[in-house]
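Here is how the chains run, residue by residue.
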Amino acid sequence: MAGQLPEHFKCPISLEIMSDPVILQSGHTFDRSSIQRWLDAGHRTCPITKLPLPEHASLIPNHALRSLISNFAPISPLLHHPPPPQPETLIYTLTSPSSSSHSKFDSLRQLTQLANTDSLFRRRLTDSAVVPALLSCVDSVDDSLREKALSLLLNLSLDDDNKVGLVAEGVVGRVVAVLTAGPSDCRAVAATLLTSLAVVEVNKATIGAYPHAIEALVSLVRDGKGREKKEAATALYAICSFPDNRRRAVECGAVPVLLRSADSGLERSVEVLGVLAKCKEGREQMERFRWCVQILARVLINGTSRGVQYALLALNNLCCNSEATVLEAVKAGILEICLGLLHDDNEKVRRNSSCLIQVLRGNHGRMS
């Protein structure tokens, strides 16, 4: 009958239409995901012939059959894409001791693809014990698996309803371990994950109090590469919006690290300095750093609108609490810079400049 679905389009194991047909050494064709699960389960025989297979069975793509299936699709109303694997099946692959790194990576890829397109699937995943499975991959010695698992955890964290649950399941500890000793790409994703989790206020407190969490981020700003530095500074900014964490960051040596990185062009560090200047400990450390005012002055001249805004915030807090800093700021020409910023397009820059001008003129006038 026209449009009848050919039987050889179906996988002998799943009985579904094959999306990625591969040939086993026995000569029979199976869908890749089905035969890989068969092999990962420890079977070393062909599912059809029951003949033994080599220890490391190879899977050869059946391009001809794949092309036939693709070409058949437009004319056959019977041909449908097979339903996606159930999350439980993919999660089992992640946790099974017999699963290869390749099959685990493929399961992570499929889970990520589904999570990217369906918020309901993300919620279903978090109810399917996926987090412990992902954390086991984060503990893997395979860096590609670690990064893929961290990326999926980041994806799941985008739903606010998941953020507290992820922290409760132990994500923070694994992330800190990656920040401390993981490869570069994993560290960047781990820092981004902390930023996402810190959107919820209670998580800010939990992350900040976790041993070595803030210290690891400060170290990454100091020693990391470009993307790592930026993501670590962003995470510090998010975490330090919680007041208690500002003191913790200062105690971890954040101020000199942030000032040096700001002077090297990492403007995200200026945003963190603007927040740390709100606490007494942060201001004291900035006052002790010899070139603090000069670095912030350079940001006012060369920075983006956001960088200028936070440099002004830091200078306002410093000058309101230290006459010595006022003298240094006047000497560095910050009063003249602020007068020019009164015409800036950004309303916050204009307002903060006006406040700083008043502080500088008032205090400097009294000292004169």
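Look up a bit, the structure's there.
For clarity, every value in this text was computed on a predicted model and none was experimentally measured.

Caption draft 1: View of the overall build of the chain. Scanning the chain from terminus to terminus reveals 22 helices and three strands. Residues classed as buried in the chain amount to 48% of the 368 residues present. Accessible surface, the chain: about 17700 Å² in total, of which carbon and sulfur atoms supply 54%.

Caption draft 2: Inspection of helix H14 (residues 243-251) at higher detail. Turning to H14, its buried residues number three or more, namely Asn245, Arg246, Ala249 and Val250. With its buried residues spanning 145° around the axis, H14 presents them on a single face. In the core, the buried residues of H14 are packed alongside helix H11 (201-209), helix H12 (213-223), helix H13 (226-239), helix H15 (254-263), helix H16 (268-276) and helix H17 (280-288). Where H14 terminates, the next one or two residues include Gly253, which has phi positive at roughly 80°.

Caption draft 3: Broad picture of the packing of H16 against helix H19 (residues 305-321). In the contact formed by H16 and H19, the axes pass within 8 Å of each other and the chain directions differ by 30°. In terms of axis orientation, H16 runs roughly parallel to H19. Our pair here, H16 against H19, has a crossing hand that is left-handed. Only Arg306, Gly307, Tyr310, Ala311, Leu313, Ala314 and Asn317 of H19 make contact with H16, whose side of the interface consists of Val270, Glu271, Leu273 and Gly274. Of the residues contributing to the contact of H16 with H19, the split by class is six nonpolar, three polar and two charged.

Caption draft 4: Broad picture of the pattern of salt bridges. Summed over the entire model, instances satisfying the criterion amount to 14 salt bridges. Put simply, Arg298 and Asp263 hold a salt bridge, and the shortest N to O gap is 2.9 Å. Of the two residues, Arg298 is situated in helix H18 (residues 292-302) and Asp263 in helix H15; the sequence distance between them amounts to 35 residues. Judged by relative accessible area, Arg298 falls into the partly exposed class, the value being 39%. A residue is classified by how much of its surface remains accessible, and Asp263, at 41% relative accessible area, is partly exposed.

Caption draft 5: Geometry of unusual backbone geometry. Of note, the phi angle at Lys50 is positive, near 65°, even though the residue is not glycine. By the secondary structure assignment, Lys50 is in the loop between helix H1 (32-40) and strand E3 (60-61). The phi angle at His212 is positive, at roughly 70°, despite the residue not being glycine. Secondary-structure assignment places His212 in the loop between H11 and H12. On the basis of relative accessible area, His212 is assigned to the exposed category, the value being 51%.

Caption draft 6: View of the packing of helix H4 (residues 101-117) against helix H5 (residues 119-126). Axis separation between H4 and H5 bottoms out at 5 Å; the angle between their running directions is 130°. What the angle tells us is that H4 and H5 run oblique. Between H4 and H5, the contacting residues are Leu111, Leu114, Ala115, Asn116 and Thr117 on the first element and Ser119, Phe121, Arg122 and Leu125 on the second. Grouping the amino acids of the contact of H4 with H5 by side-chain chemistry returns five nonpolar, three polar and one charged.

Caption draft 7: Geometry of the sheet that holds strand E1 (residues 21-23). Taking strand neighbours across the sheet as the criterion, the three strands line up as E2-E1-E3 in an open arrangement whose pairing is antiparallel. Each edge of the open sheet carries a strand with a single partner, namely strand E2 (29-31) and E3. Relative to E2, E1 runs antiparallel, the two sharing three bridges. Of the residues in E2, the one forming a bridge with Pro21 is Asp31.

Caption draft 8: Looking closely at the packing of aromatic side chains. The tally for this structure, following the rule as stated, stands at one aromatic pair. Ring geometry for Tyr237 against Tyr310: centres 5.7 Å apart, planes inclined by 85°, an arrangement best described as edge-to-face. Within this pair, whereas Tyr237 is found in helix H13, its partner Tyr310 is found in helix H19, the two being separated by 73 residues in sequence.

Caption draft 9: Highlighting the environment of Thr304. Looking at where Thr304 falls in the secondary structure, it is placed in the loop between H18 and H19. As for Thr304 and Ala216, which are separated by 88 residues in sequence, their C-alpha atoms are 27 Å apart.

Caption draft 10: Layout of H11. Those residues of H11 lying buried are Asn203, Lys204, Ile207 and Gly208. Across the axial projection of H11, the buried residues extend over an arc of 130°, all falling on one side. For H11, the elements touching its buried residues are helix H8 (160-168), helix H9 (171-181), helix H10 (184-197), H12, H13 and H14.

Caption draft 11: Structural context of the side chain of Glu271. By the element assignment, Glu271 lies in helix H16. If we skip the residues at most four places from it in the chain, Glu271 touches Tyr237, Arg306 and Tyr310.

Thresholds applied
- Residues numbered from 1 in each chain as written.
- Predicted model: local features only at pLDDT ≥ 70, side-chain atom pairs only at ≥ 80, totals over all residues.
- Heavy atoms only, no water.
- Helix = DSSP H or I, 4+ residues; strand = E, 2+ residues; numbered from the N terminus.
- Buried < 20%, exposed > 50% of the residue type's maximum accessible area, 1.4 Å probe, protein only.
- Areas by Shrake-Rupley, 256 points an atom, 1.4 Å probe, with all protein chains shown as cover.
- Arc of directions from axis to C-beta.
- Contact = heavy atoms within 4.5 Å.
- Axes fitted to C-alpha atoms, helices over the stretch in contact; angles between N-to-C directions.
- Parallel < 35°, antiparallel > 145°, perpendicular 65-115°, else oblique.
- Left-handed = near helix turned anticlockwise from the far one by under 90°.
- Nonpolar A, V, L, I, M, F, W, Y, C, P; charged D, E, K, R; others polar.
- Salt bridge = Lys/Arg side-chain N within 4 Å of Asp/Glu carboxyl O.
- Pairing = 2+ DSSP bridges.
- Phe/Tyr/Trp six-rings, centres within 6.5 Å; stacked < 30°, edge-to-face > 60°.

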